[in-house]
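Reading the structure
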Amino acid sequence: MRIVIENCAVATVDAHDTEYASGHVVVEGNRIEAVGPGPAPGQPDGAVRRIDGTGHLLTPGLVNTHHHFYQWLTRGLAQDAILFDWLVALYPVWARIDEEMLYAAARGSLAMMVRGGVTLAMDHHYVFPRGAGDLLGAEIRAARELGVRFSPTRGSMDRGQSQGGLPPDFAVETTEAALAATEAAVDAHHDPSPDSMLRIGVAPCSPFSVSTELLRESAALARRKGVRLHTHGSESVEEEQFCKELFGMGPTEYLESTGWLGEDVWMAHCVHMNAADIAAFARTGTGVAHCPSSNARLAAGTAPVPALLAAGVPVGLGVDGTASNESGELHTELRNSLLVNRLAGGSDALTVRQALRMGTYGGAQVLGRATETGSLEAGKLADLVLWKLDGLGHSTIADPVAALVLGAPAPVTLSLVDGRPVVEHGRLVTADEDVIAREARDQARRLARIAAG
């Protein structure tokens, strides 16, 4: 079926930031067929769905570049802790998840994002308790059912407390087991095709939970398999101190020494970076997942996003796990990225259009999919969102992009992934939200009981 959306404002987020005050997009199958000003050209009779977008803004779908789905079951805990204290408090709980719990958590996390305009989601899962079942498979099943494009990463931890790491020893794997399971996950699930709905990445957790050997061998594995690499980097002052004490260098220098900079790498947070760190990222094409709400929740600091963008570093937005961003919605990160960066850098530190670009094209770039999605251009995948801006919350904001970024959260009238509707009039069409909420609540209670002994 051909879908024609017209009479709406259009922000293409293409290379020229082309916008139309009133324009159209035509979708044929899973691809964008045409984008332009004014009404769509006349279409022949037949299987055509026409949507009047009056009072709306049409944008590319949002791209989430960092998340931990399992944390949906532990929201609202360790409310006043910094990163290391928060991790120490929650690792023992997370280490008791199983496949049933993760499936419910993934459905909750994905439903919240998809309902809010996310069309390409990423997850970083690194907790694999013994006997817990197929945890990565549970996430993949949830994403397939909800109809979202998905880039999960097979994470790992092998540095427990006895080796100077933060996670308890029972929550980590051996280096050999982690590498073998990661390779098996890539072999079983990765789809490199241009229309792919599922691509797998390799993602040891962080410098303070992973051995140097696991970092080096994971990078080699990913490059041998032709997949992307992801980890946490420079998130907190404590992480920087940890790296300097243990390795004699800061996080960026340490990660570069293990092969962890490059165009196939992106890192979450990147808050505490100096000029040399930023230059290293720019020189190597390493990407960044900016997570403003989580950074604020854990008092980690403000990432130097304006400097990263000015240097040409690819930057996308991330929700992060919902134990440090309880809303779980990426569209709120558009606004928060602008606000926190202006607090740190002044009123011109970031514009509304830069925020939208990070949430769309920038995210696609970070995930290695900018040639396929992230902007509204003929030939690209039909991943797009129609935002309702004619209600009370946006009624006096003339600039539609400013309304979306600075205004109240905008309702989603229509969201397409691969040309198929996943949200219509603010509700999921691929799953029952009430069922998802109930099942997640039940599993959260079950996890709490098990963790309490």
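Since this is a predicted model, take the numbers as computed values, not measurements. (Residues numbered from 1 in each chain as written. Predicted model: local features only at pLDDT ≥ 70, side-chain atom pairs only at ≥ 80, totals over all residues. Heavy atoms only, no water.)

The next point concerns the packing of helix 2 (residues 99-115) against helix 3 (residues 135-146). As a packed pair, helix 2 and helix 3 sit with axes 8 Å apart at the nearest point and diverge in direction by 35°. Considering how the two elements wind past one another, helix 2 and helix 3 form a crossing that is right-handed. Contacts between helix 2 and helix 3 involve E99, L102, Y103, A106, R107, L110 and A111 from the first element and L135, A138, E139, R141, A142, A143, E145 and L146 from the second. Among the residues forming the contact of helix 2 with helix 3, the class breakdown is 10 nonpolar, no polar and 5 charged. (Axes fitted to C-alpha atoms, helices over the stretch in contact; angles between N-to-C directions. Helix = DSSP H or I, 4+ residues; strand = E, 2+ residues; numbered from the N terminus. Left-handed = near helix turned anticlockwise from the far one by under 90°. Contact = heavy atoms within 4.5 Å. Nonpolar A, V, L, I, M, F, W, Y, C, P; charged D, E, K, R; others polar.)

Time to look at the pattern of salt bridges. The final tally for this structure, using the stated rule, is 30 salt bridges. Between R297 and E326 there is a salt bridge, with its nearest N and O atoms 2.6 Å apart. Remark: E326 occurs in the loop between strand 13 (315-317) and helix 11 (331-345) and R297 occurs in helix 9 (residues 292-297); sequence separation between them is 29 residues. A relative accessible area of 24% places E326 in the partly exposed class. Ionic contacts of the salt-bridge type, sharing partners, join the residues R149, D383, D418 and R420 into one network. (Salt bridge = Lys/Arg side-chain N within 4 Å of Asp/Glu carboxyl O. Buried < 20%, exposed > 50% of the residue type's maximum accessible area, 1.4 Å probe, protein only.)

Turning our eyes to something else, we now look at helix 5 (residues 212-225). Between its terminal C-alpha atoms helix 5 stretches 20 Å, which fits the 20 Å expected from 14 residues at 1.5 Å a residue. Those residues of helix 5 that fall on the buried side of the exposure criterion are T212, L214, L215, S218, A219, L221 and A222. Elements in contact with the buried residues of helix 5: strand 8 (149-156), helix 4 (175-189), strand 9 (201-204), strand 10 (229-233), helix 6 (237-247) and helix 7 (251-257). (Expected span 1.5 Å × (residues − 1).)

The next thing to look at is the pairing of strand 3 (residues 31-37). Where strand 2 (residues 19-28) lies against strand 3, 6 bridges are found, and the strand directions are antiparallel. Residue pairing across strands places V25 opposite V35, the latter belonging to strand 3. Two successive antiparallel strands, strand 2 and strand 3, enclose a turn made up of 2 residues, where G29 displays a positive phi of approximately 65°. (Pairing = 2+ DSSP bridges.)

Next up on the list: unusual backbone geometry. Leaving glycine aside, a negative phi is the common case for residues, and trans is the common case for peptide bonds. A positive phi is found at V13, a non-glycine position, where the angle reads about 55°. Tracing the sequence through the fold places V13 in the loop between strand 1 (2-11) and strand 2. For V13, a relative accessible area of 4% gives the class buried. Phi is positive for A78, close to 45°, though the residue is something other than glycine. Mapped onto the elements of the fold, A78 is located in the loop between strand 6 (62-63) and helix 1 (83-94). A relative accessible area of 24% means that A78 is categorised as partly exposed.

Nothing here speaks to function; it is geometry throughout.
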